[in-house]
Structure formats: C-alpha cells, structure tokens
Amino acid sequence: MSRHHLIKSLSVVGGFLDGLQLSFQDGLNCCIGARGTGKTTVLELVRYAFDDVPSKEHAPEEAKRIETLVKQNLSGGRVQVEIETKDGITYRVSRSWGEEPIVLTAEGEPTELRLQSGAVFRSDIYSQSEIESMADRALSQLDLLDNFQPERIAEIEGQTKQLQTALEANAHRILPLESEIASLGDELATLPSVEEKLKQFTSEIGGDAAPANKAHSEKALRDRERRSLTLADRLLSTAAITLQEQVGGIEQQAKTLIDHEIIEGPNGEAMRTAIDRLVDCGRDVDVLLENARKRIETASGELSTTAAALDTQHKQQELKFREIVEQQEQTRKQAAERGQLDKVRNTLLAKRRNRGDKQQQLTRLRNERTDLLDKLSAARDERFAVRQEVADRINEKLSPNIRVSVRQCGSTEQYQQALERAIKGAGVRQGLVAQKIVNSLPPTEFVELVRTRDSNGLISRGELNADQAAKVIAALSGSQTLYELETVDLLDLPCIELKDGDEYKELASLSTGQRCTTILPILLMESDNPLLIDQPEDNLDNRFIYETIVESVRKVKQARQLIFVTHNPNIPVLGDAEHVFVLQSNGEHARKLNEGTVDECKEDVVELLEGGEEAFKQRRKRYAY
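Everything quoted here is computed from the prediction, not taken from an experiment. (Residues numbered from 1 in each chain as written. Predicted model: local features only at pLDDT ≥ 70, side-chain atom pairs only at ≥ 80, totals over all residues. Heavy atoms only, no water.)

Details of the overall build of the protein
Tallying secondary structure elements over the protein gives 22 helices and 14 strands in all. For the protein, whose C-alpha radius of gyration is 37 Å, the value lies well above the compact-globule estimate of 25 Å for 625 residues. Taking the principal axes of its C-alpha atoms as reference, the protein extends roughly 125 × 70 × 40 Å. Classification of the 625 residues of the protein by burial places 43% in the buried group. Once local pairs closer than 6 in sequence are excluded, the contacts in the protein between residues at least 24 apart make up 71%. For the protein, the accessible surface area stands at approximately 32,800 Å², while carbon and sulfur atoms represent 47% of it. Once the 83 positive and 104 negative side-chain charges of the protein are each reduced to a mean point, those two points are 6 Å apart. (Helix = DSSP H or I, 4+ residues; strand = E, 2+ residues; numbered from the N terminus. Rg over C-alpha atoms; globule rule 2.2 N^0.38 Å. Buried < 20%, exposed > 50% of the residue type's maximum accessible area, 1.4 Å probe, protein only. Contact = heavy atoms within 4.5 Å. Areas by Shrake-Rupley, 256 points an atom, 1.4 Å probe, with all protein chains shown as cover. Lys, Arg positive; Asp, Glu negative; His and termini not counted. Charge placed at Lys NZ, Arg CZ, Asp CG, Glu CD.)

Overview of the nonpolar core
Core analysis: the largest hydrophobic core is formed by 53 residues, its most contacted members being Ile394, Ile522, Leu523 and Phe564. By residue number, the principal contributor to this core is helix α19 (residues 542–556), which donates 6 residues. Discounting residues that sit within four places of it in the chain, Phe564 has contacts with Leu28, Asn29, Cys30, Cys31, Leu524, Leu531, Ile533, Pro536, Val553 and Ile571. (Core = buried A, V, L, I, M, F, W, Y, C linked by side-chain atoms within 4.5 Å.)

A few points about the state of the cysteines
By the definition in use, this model includes 0 disulfides. Summary of cysteine pairing: Cys30 is not part of a disulfide, and the nearest cysteine sulfur, belonging to Cys31, is at 8.8 Å. On the accessibility criterion, Cys30 (1% relative accessible area) is buried. Residue Cys31 is classed as buried on the basis of its relative accessible area of 5%. (Disulfide = S-S within 2.5 Å.)

Topic: the pattern of salt bridges
Within the structure shown, the criterion is met by 42 salt bridges. Its salt-bridge partner being Glu251, residue Lys255 comes within 3.2 Å of it at the nearest N-O pair. If you follow the salt bridges from partner to partner, you end up with Asp146, Glu157, Arg380, Arg383, Arg387, Asp489 and Asp492 in one network. (Salt bridge = Lys/Arg side-chain N within 4 Å of Asp/Glu carboxyl O.)

Now the structure itself:
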C-alpha cells in the first residue's frame, strides 16, 4: 500500500478522447505525442473530474480557458478517474460535462464524498504557463504554500467560515436593537419633564396632601397593572395564532415535493416512502401544536378571569379615589390633568423598561461578538503559523537559492475594496480616503472609531481632515457594512524570492524563465498529493532541466506520484519514467498509440521529441544504463 495518494487510471467516454484508457503508475508518468493529440486535454479532464478548476474570481481567464477546452472535448461524454487514497481506499470519480462529480466506491456505489474539500484526496495540478503566471497572483502563491498542509488549512478555513457566519448573524441581531434603543431614547427624553410636572402637582396641594398624593399614585399603578395584563393577553393571543398557522404546514408542503413523474420513475417507491415519513412526522407535530394551543387557550381563560376580578377591584378603588379627590377643591381641579400625566409617565416607564431589556440583550450580543472576533483572530493566527511552518520547510530544503517568507495580514486589497464600496456616495474621494484609512488603521480599530463617532481619532490616526472624518462617520454609523468591515480578511502575503548573484529578487521582478526556475523546485518537494504539470519544461533551458529538475524528479518520485505532459525528452528519459503514454490523433479523435516504460517507448521518444536520441546517450553517460 502506498503512503501517498495515487491516481490509478483515467477513462473517457465520448468526445475527442472517446475510448481512451490510461493506467498510471506510482512514480513518474509522462504523456507525449505530437501537438493536437490531446495531451493537455488529459490533464485538464483529470482537473475537471476533481472539480479543481481555478476560481473564476481569482483567475477568470484561466478558468474560462479550461472550461472551454473541457466542453469542446467532452460535451456529451464522461470522464472517470480512479484514485487510491494514502490510506489504501479506492474510489472512482465520474463526471459529465455540466454536472457535479460523483464519487463512487470501488464497487461502483455512490458516496456523499466531495473531493473539493481535500479531506479525502487531493492533487496538485498546473496547466501550461500557470507556473509562470503565478508570480502575478499572490493568491496562487498562497495556494502553493497551503498545498503542503491541505488538511490543516482546510480545517482552519472551515472554522473561519463558521465564525464569519456567526458574526454575520450576530450583526443582524445587533443592528435592529441599536436602532430600537436609539428610538426609545429619543422618546424617553420627555420623561424628566413629565415627572417634574407631577412633583409640582404634589407640592401645590395644600393641607394634608398625603392621602391625595397616595390616591394618585395608586391610580397610576392601576393603569400600569391594566397595561401589563393587556400585554400578557396579547402575548398569548399571538402565540396561539402562530401555532395555529403552523398546523398542517409540514404535511401540505411535503405533498408538493414530488409529482406524478417522480412517483412513476425508477426511484418512485423510495421517494414515496420518504414523503410518507415526512407526512407522518408532520401529523405528529400537528398533535403537539394543537396540545400547545389548547394549553395557551387554558392560560388565556385563566388570565381573563384574573383580569375580570382585578377590574372589579379597580372600580372599587376608583370610587375611593374620587371620594378623596373631591374632598379638596385644588386636588379636584387638577385630577384630570394629573391623571393624564400619570398615563403618559406610565407609558414612558414601560418604554424605559423595554429599553433596559434591549440594552441587556445588546450587551450580551456585543460580548458574544467580542468572543467570536477573538476566536476568528486566533484562527487566522493559527493559519499564519501553519504557513510559516511551510515557508520554513521550503527554506530548509531549497536555501540559499530560494527563499520564502510570509507576512501576516500583508494584503489589504479586500479591505481597500470593501471600504471604497462602503463610502461610495459619501461625498469624498473614495479611493484616496480609503487608501489613507487602510494605510493607517486596521479594520477593527477603524470600526471602533466610527462606532464611537470619534472624529478626532479619525483625523489624528486615520490622517483624514475634519470634513472627510465627518462624512465617513455619517456614511457608516449604524450600517451593516461597518460590521462587515470588522471581519474583512487581511490575507497573508507570501514572498517567494530567487537568489540572483548576491541579492534576492521577488517573483514579480524575475524573467519568465527565472520564475519557473523558482517555482518548479518548490512544486517538486515531497507531498502526499499527486503532481500533474502540463509542460514543466516551458521557458527552461536544457541544462537547468537535466541538472536540477531531473534530479529533483528522480528523488521525489520515490515518495510522490508525478504525471507530466512534456515535449522535452530529458524528463522521461533522464527521469527514468515508470510509464510513458504516446498519443496520436487523426484530427477527429485521439488514441493511445503506445505505452510502457521509457525503454519500451524509446522509438516514440526519439521520433516525437527533439533531442530524444541525445537524451538516451546522456542517460548512459550519467547513469550507466
């Protein structure tokens, strides 16, 4: 059993490669042939089967090229790739054009596995020219590092997605609360003046004012009691209506999930069984809902009885109140106005209680958010640590010729773009203002300054003028965007350098050949993942190929499967390929002309690959066979 992943075979039904079957070996596999014989298509079909096409967001042109090639060569057909995991488990991956991949067991039974996650099986696939273009795409360089620790990175990315989803839900709960609290605060601004007026009424009453003041206080209390019971009744009524609306819901919707065509189809019995179970569940739930509704109905009746008894008490107490008030002329004159003010005060007190409840909820949500943000930061720190480990491993292997480093949170591109969108229409030069903020303030600090409306902080720390600070705060305060900015991902920024003389040069400043010279040795390090490259020799001179690349291939193929499409004979010959596939085409269809070890395919290598005879001579000279 291999201790690394393997691609065992590929078969194609339909299209340009119809009938093609390739059985790959562990070690080095090379696919050769004249141009237009489908070699590149073989590699891209494997990539398509694994759902490993580059993201349209990160590499739109490359994604479109691969999609077009696969569609032209597979439309109406199907590709199947057999794989073996490092644990020795065999699967078959089958995919037709426009459909999702299906992962089958070795016996052909469908599974729920998805290779895209990388948890079960992963391969590293690079199209022609993709290696040299990597220099212009930081995300591709980041993927290159992540491929050395795919399981750990996938686990961390899964955690961050869950945390970001939780933070998004948290923001959706916080925003309306903040708005409601602010609105209640505006309404409660009148409460002090109302209470002051009531105090004046109390002080204006002559004689023995205690009985009158007590009577008014109790009258106000009765009003609050009535309000509480009214709210309680409304609470029960709303709950009863909500439950009633749910009765029958599951059963009704379940019956709409299948139609006559599904019932009469080959899986009709299984579908009917599934829906029948759903209907049974719905009926059981309906019984529970009805029991709950009846319990609410009972409670509502009990509440009505209590309310009626209390109303009788209130009427008796109201009569006594009138007797007390009528004893004093001043009190009698003020009774109506004071009673109205008491009602206003009671309304405001209820709103104050409501605001207090909402403030407690908001405090809990903000504490929850702080905890989530801390966990998100810790997950991103862990992700950086894994990448730093990978960089150290590469440096240990390839130093001093190649040097790799990672700057945590080094890419502010997503932050800049999100901020520009956020302040669009704010009346400022969004690009300039966003750039100033990004250069001087991390997202969390910027968000806190806006949330607290700290314009002075934005001016002094964000390098904005007073007008810009005011407009940014006005545009973002209380917005969903503010919370989104708080969680924006400042991606780690890799730096891959080649030693040129006495100095190191970054990828972007290197020539095309130097870029490939830098990236290929990294790709050819040990890994559990099969490595597939279309024409790894592009832009490299033969000396570098047989002095550096071939030696790396001969070492790494002992611990990693390699599948190369190549026009350079040095790779299969000096690399001593375990298996060579020779493809041929008549213009309409491609076929396998020959296959075997490099020696068994020697004539094809010599005939098809320029310098093939010389490569065999070099092999005899260097390796004595």
